[in-house]
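In case you want the letters, here they are:
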Amino acid sequence: MTLFDVYPLNDVTITKAQGSYLWDENGVQYLDLYGGHAVISIGHTNEHWVKRIEDQLNKIAFYSNSVRIPIQQELADKLGKLSGKDEYQLFLVNSGAEANENALKLASFHTGKKKIVAFNKAFHGRTSLAVAATDNKNIVAPVNETSNIDFLPFNDEAALKGYFQTNGNKVAAVIVEAIQGVGGINVASENFLKLIRNLCDANDALFVADEVQCGYGRSGKFFALDHAGVNADIYTMAKGMGNGFPIGGILIAPYIKAKHGMLGTTFGGNHLACAAALAVLEVIEKDNLIEMSKQRGMYLINKLKSIDGIENVRGKGLMIGFNVPEDIKDLRKKLLNDYFIFTGEAKPNVIRLLPALNITRKQVDEFLDTLSEAIEEMKSVEVNAE
Ligand SMILES: Cc1ncc(COP(=O)(O)O)c(C=O)c1O
């Protein structure tokens, strides 16, 4: 049997990982500024995380949501404390798409309305509603097409106001990434996010914050939306939540009432996933990783701004992007193949940095030095070729 060939692969086989380092089958060491796509929040194979999963595995890994699972409540309590959203309710799922799917469905149940507002360059996942709210025609199958989703320009307050003037009473939810990830690290302005809050309030619509990539401490606050000083009605989470163990969740404001059977999942909230997620929160709390992400991020962004050859450095905390001009367009490949550094990308010309929140200052400096060297080398090859 062959694997269904949907992923363009780098020719690398990783066999071991620790903290922000990876090793391939030949023992070559890589520095990880990509975090497996913003997933690795507390570092690869974190000791506490491994132990908590092992301990849980030896007790019970899974039983269905038809019985009490106290570790879910333990996770909810810790999450409430660290996120500052203690009064919210938690529903556990398995992935980011599933989190968004349930969030939008819940918004529609709650409001009795159908329209969803999403934004240009948004990415919300690949299940039916999530993908319909994703601004990429190539991944929307004909069966996913729906007139229930309207796309508006990101950060355009006038367009949003205009839309609500004519359609406000039909809107069930506005879904937004406070920092767009796949779209290329585009930071929503605080005024734009506040306007979404006001318009949702005025029109009985729900504000859904997709924090799957930008949440969980990555931006230097628990949720990226926290920077704007407003609350969402529903927060969706996944990537950093399990540090690689599949788990997602949605935080639901207290005034949204649950009904038996309204939402459900077989695997969501299983014992093992909760143990992994609890370990992540325990490490974030103990090692003060949200503050660390803020400090390291400011340092990294400032240093990147002084590097010649890259453009438009932006982001918050350890969610950073910059543009790669045409003359060094293969920079990301070069960093991986010649300098053994993993970074992320956003098409067509953005490098995304999404390292573990506890990447060390030394590792950040190692990255910055190597980046400068790689750029200089690429430019000197260019000059010599002229
Ligand atoms: C903002 C955002 N939402 C949702 C998703 C989908 O998450 P998953 O791949 O876990 O379904 C992603 C994945 O990249 C994402 O970046």
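Please refer to the structure higher up on the page.
About the criteria used
- Residues numbered from 1 in each chain as written.
- Predicted model: local features only at pLDDT ≥ 70, side-chain atom pairs only at ≥ 80, totals over all residues.
- Heavy atoms only, no water.
- Near = heavy atom within 4 Å.
- Polar contact = N/O pair within 3.5 Å; in protein donor to acceptor, adjacent residues only side chain to side chain.
- Areas by Shrake-Rupley, 256 points an atom, 1.4 Å probe, with all protein chains shown as cover.
- Helix = DSSP H or I, 4+ residues; strand = E, 2+ residues; numbered from the N terminus.
- Axes fitted to C-alpha atoms, helices over the stretch in contact; angles between N-to-C directions.
- Parallel < 35°, antiparallel > 145°, perpendicular 65-115°, else oblique.
- Contact = heavy atoms within 4.5 Å.
- Nonpolar A, V, L, I, M, F, W, Y, C, P; charged D, E, K, R; others polar.
- Expected span 1.5 Å × (residues − 1).
- Buried < 20%, exposed > 50% of the residue type's maximum accessible area, 1.4 Å probe, protein only.
- Pairing = 2+ DSSP bridges.
- 1 Å grid on protein atoms, 1.4 Å probe; cavity = no way out; pocket = protein on both sides within 12 Å on 5 of 7 lines; lining within 4 Å.
- Points joined across faces, edges and corners; volume = space filled by probe spheres on them.

## A word on the site of the ligand
Now for step 1: Near the ligand you find 13 residues, and of these G96, A97, D210, Q213 and K239 are the closest.
Now for step 2: In this structure, D210 approaches the ligand through a side-chain N or O atom, which is 2.8 Å from a nitrogen atom.
Now for step 3: A distance of 2.8 Å is found between an oxygen atom of the ligand and a side-chain nitrogen or oxygen belonging to Q213.
Now for step 4: Notes on the ligand: free accessible area 390 Å², of which the protein chains cover 81%.
Now for step 5: Here the shell around the ligand gets three residues from one element, more than from any other, and that element is helix α4 (residues 96-111).

## Topic: the packing of helix α6 (residues 157-167) against helix α7 (residues 190-202)
Now for step 1: Two elements in contact, α6 and α7, have axes whose closest approach is 10 Å; the angle formed by their N-to-C orientations is 10°. Comparing their axes, α7 and α6 come out roughly parallel. Judged by residue contacts, E157, L160, K161 and F164 of α6 engage N191, F192, L195, I196 and L199 from α7.
Now for step 2: Broken down by class, the residue content of the contact of α6 with α7 amounts to six nonpolar, one polar and two charged.

## Here we look at α4
Along an α-helix, residues three or four apart share an orientation, since each turn contains 3.6 residues.
Now for step 1: Its 16 residues give α4 an end-to-end C-alpha distance of 23 Å, which sits within 8% of 22 Å, the value for a rise of 1.5 Å per residue.
Now for step 2: Within α4, the full set of buried residues consists of G96, A97, A99, N100, E101, N102, A103, L104, L106, A107 and T111.
Now for step 3: Two or three places before E98, at the start of α4, stands the capping residue S95, its side-chain oxygen 3.2 Å from that residue's backbone nitrogen.
Now for step 4: Immediately downstream of α4, the backbone of G112 shows phi near 75°, a positive value.

## Comments concerning the environment of V67
Now for step 1: When you line up the elements, V67 lands in the loop between α2 (47-57) and α3 (70-83).
Now for step 2: Look at V67 and you get partly exposed, because its relative accessible area is 38%.
Now for step 3: Here the alpha-carbon distance between V67 and D5, two residues 62 residues apart in the chain, equals 39 Å.

## Topic: the environment of R126
Now for step 1: Counting through the fold element by element, R126 comes out in the loop between β5 (115-119) and α5 (128-132).
Now for step 2: Through-space distance from the C-alpha of R126 to that of A141 is 9.9 Å; in sequence the pair is 15 residues apart.
Now for step 3: Dropping the residues within four chain positions of it, R126 is found in contact with A97, V131 and I139.

## Observations regarding the sheet that holds strand β12 (residues 248-252)
Now for step 1: Read from one edge to the other, the open sheet built from seven strands follows the order β4-β12-β11-β10-β7-β5-β6, with strand pairing classed as mixed. The outermost strands of the open sheet, each flanked by one partner alone, are β4 (89-93) and β6 (149-152). Shown here is a sheet whose adjacent strand axes are inclined to one another by a mean of 20°, direction ignored.
Now for step 2: Note that β5 and strand β7 (residues 171-176) share three bridges and pair parallel. From the neighbouring strand, V117 faces β7, where its bridge partner is V174.

## Considerations on the layout of surface pockets
Now for step 1: Of the voids in this model, the second largest pocket is the one considered here, and its volume is about 750 Å³.
Now for step 2: Elements with a contribution of two residues or more to the lining of the second largest pocket: α3 and β4.
Now for step 3: Each residue belonging to the lining of the second largest pocket can be placed in one class, and the counts come to 13 nonpolar, nine polar and three charged.

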